[in-house]
Amino acid sequence: QVHLVEFGGGLVQAGGSLRLSCATSGDISRQSTMGWYRQAQGTQRELVAVVTSDGSSNYADSVKARFTISRHNAFNTIHLQMNNLKPEDTAVYFCNARSPLYNYWGQGTQVTVSS
């Protein structure tokens, strides 16, 4: 059975930083694309950042130059360093691992940015 567990959410003031981590267990290929998505209240889930197995990354325009995704392939973990946080970054952040054969989600971690 596959599990993705997110860590590191919390409450921070605007301009502050948080680091999210996602630990995985179970049969997740190191060839998976892994990433972070977020969902603010009343909105649809949206892409934040993804990273492929070879380290290529892609970011939403709204977080470019502020967020950095990283991946530790040996342990199938990913991190999201979030700097200069803004109130509009407030959302539940979800870890994702996907391949042509599967699409797994974590349960999410709340990030709240106060103005």
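Our structure's up above, just so we're on the same page.
Residues numbered from 1 in each chain as written. Predicted model: local features only at pLDDT ≥ 70, side-chain atom pairs only at ≥ 80, totals over all residues. Heavy atoms only, no water.

**Some details on the environment of Tyr37**
Checked against the element boundaries, Tyr37 lands in strand β4 (residues 33–39). With 10 residues separating them in the primary sequence, Tyr37 and Leu47 have C-alpha atoms 4.5 Å apart. With sequence-adjacent residues up to four places away left out, Tyr37 is seen in contact with Arg45, Glu46, Leu47, Val48, Val50, Val92, Tyr93, Phe94, Asn96, Arg98 and Trp105. (Helix = DSSP H or I, 4+ residues; strand = E, 2+ residues; numbered from the N terminus. Contact = heavy atoms within 4.5 Å.)

**Structural notes on unusual backbone geometry**
In this structure, Ala65 is a non-glycine residue whose phi angle is positive, near 75°. In this structure, Ala65 sits in the loop between β6 (57–59) and β7 (67–72). Exposure remark for Ala65: the relative accessible area of 86% places this residue in the exposed category. At Asn84, a position not held by glycine, the phi torsion is positive, near 50°. Along the chain, the position of Asn84 falls in the loop between β8 (77–82) and β9 (91–98). (Buried < 20%, exposed > 50% of the residue type's maximum accessible area, 1.4 Å probe, protein only.)

**Here we look at the state of the cysteines**
Between two cysteines, a covalent bond joining their sulfur atoms is known as a disulfide. According to the stated counting rule, one finds one disulfide in the structure shown. Each sulfur in the disulfide pair Cys22 and Cys95 lies 2.0 Å from the other. Taking the torsion about the sulfur-sulfur bond, which here is approximately -85°, the covalent link between Cys22 and Cys95 counts as left-handed. Taken together, the residues Cys22 in strand β3 (residues 18–25) and Cys95 in strand β9 connect sequence positions 73 residues apart. Comparing Cys22 with Cys95 shows no difference in burial state: the two are buried. (Disulfide = S-S within 2.5 Å.)

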